[in-house]
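Commentary on secondary and tertiary structure
The primary structure of each chain is shown beneath.
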Amino acid sequence: YKGSSLTLEWSLYALAVVLPLSKTGLTVFVSLGLIAFLIKKISAPDHFRKQILSSTPINTAILIFAIYCLFSLLWGDHPYLNFRGLMKYMKDFLIFFMVLDVCHDRTTLKKFFYFLMLGATSTCLNGLYQYSDGADLIRGSLFRSRINSSFKFPTALSSYLALMIPISLTSFLNEKKK
């Protein structure tokens, strides 16, 4: 139980760093975290029932969304694409539950944010390098008219930064208050 908890925690920290940098790293750490999460939940089934199977507003919303996705899968014109989309959402919900399971106190949550900021900082530095050198360090993508850093498209980079900048500013301002 303790080993799976520690593996889950550190795989989520690694996931936070590699999220913008590597699809392969993302797959590896999600898989490792999922295995540790399942081992942890199998070894403590009462906790699993309380956390995931309980009727909370977020669990109810996730269930309604999953049912909607299932109906979309059944009645859609592209079953293969619909199934891939459903699996992507399920993976994202599992990551949500894994983070919820790990970040149960302020210290762990703060550590998780630091690892998120490490990934965001490396992505920004990679984008600046791409702007100055003409190619980024990770994928070797050439700079044309817009920076994409380690992402495939510039819009993905801007979406990621639109999520990470408010989180980093909030963390920074909260640290300044103390």
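Remember, it's a predicted structure, so these values are computed and weren't measured experimentally.

**Let's talk about the packing of helix α1 (residues 2-18) against helix α2 (residues 23-43)**
- Interhelical geometry of α1 versus α2 gives an angle of 155° and a closest axis separation of 8 Å. What the angle tells us is that α1 and α2 run roughly antiparallel. As for how α1 packs across α2, the hand of that crossing is left-handed. Across from Ser4, Ser5, Thr7, Leu8, Ser11, Ala14, Leu15 and Val18 in α1, the residues of α2 making contact are Gly25, Leu26, Phe29, Val30, Leu32, Gly33, Ala36, Phe37, Ile39 and Lys40.
- Class assignment for the residues of the contact of α1 with α2 results in 11 nonpolar, six polar and one charged.

**Concerning a positive patch on the surface**
- A surface patch of positive charge is lined by Lys23, Arg84, Lys88, Arg139 and Lys152.
- Relative to the helices and strands, Lys152 is located in the loop between α6 (106-133) and α7 (154-177).

**Re the layout of surface pockets**
- The computed volume of the largest pocket comes to approximately 1,300 Å³.
- Lining the largest pocket are 34 residues, with Leu19, Leu26, Lys88, Lys91 and Asp92 positioned closest to its centre.
- In terms of residues, the lining of the largest pocket owes the most to one element, helix α5 (residues 79-102), which gives nine residues.
- Here the residues of the lining of the largest pocket are counted per class, giving 22 nonpolar, five polar and seven charged.
- Volume-wise, the second largest pocket comes out at about 360 Å³.

**Some remarks on the pattern of salt bridges**
- Applying the stated criterion across every chain yields a total of three salt bridges.
- Across the pair Lys111 and Glu9 runs a salt bridge, and its minimum N-O distance is 3.7 Å. Taken as a pair, Lys111 in helix α6 and Glu9 in helix α1 lie far apart in primary sequence, 102 residues in all.
- Owing to a relative accessible area of 16%, Glu9 belongs among the buried residues under this scheme.
- We note a salt bridge from Asp101 to Lys41, for which the minimum N-O separation is 2.7 Å. Within this pair, whereas Asp101 is found in helix α5, its partner Lys41 is found in helix α2, the two being separated by 60 residues in sequence. Each member of the pair Asp101 and Lys41 is classed as buried.

The rules behind each value
Residues numbered from 1 in each chain as written. Predicted model: local features only at pLDDT ≥ 70, side-chain atom pairs only at ≥ 80, totals over all residues. Heavy atoms only, no water. Axes fitted to C-alpha atoms, helices over the stretch in contact; angles between N-to-C directions. Helix = DSSP H or I, 4+ residues; strand = E, 2+ residues; numbered from the N terminus. Parallel < 35°, antiparallel > 145°, perpendicular 65-115°, else oblique. Left-handed = near helix turned anticlockwise from the far one by under 90°. Contact = heavy atoms within 4.5 Å. Nonpolar A, V, L, I, M, F, W, Y, C, P; charged D, E, K, R; others polar. Patch = residues over 30% accessible without salt bridge, like charges linked within 9 Å, V, L, I, M, F, W, Y side chains within 5 Å. Areas by Shrake-Rupley, 256 points an atom, 1.4 Å probe, with all protein chains shown as cover. Salt bridge = Lys/Arg side-chain N within 4 Å of Asp/Glu carboxyl O. Lys, Arg positive; Asp, Glu negative; His and termini not counted. Charge placed at Lys NZ, Arg CZ, Asp CG, Glu CD. 1 Å grid on protein atoms, 1.4 Å probe; cavity = no way out; pocket = protein on both sides within 12 Å on 5 of 7 lines; lining within 4 Å. Points joined across faces, edges and corners; volume = space filled by probe spheres on them. Buried < 20%, exposed > 50% of the residue type's maximum accessible area, 1.4 Å probe, protein only.

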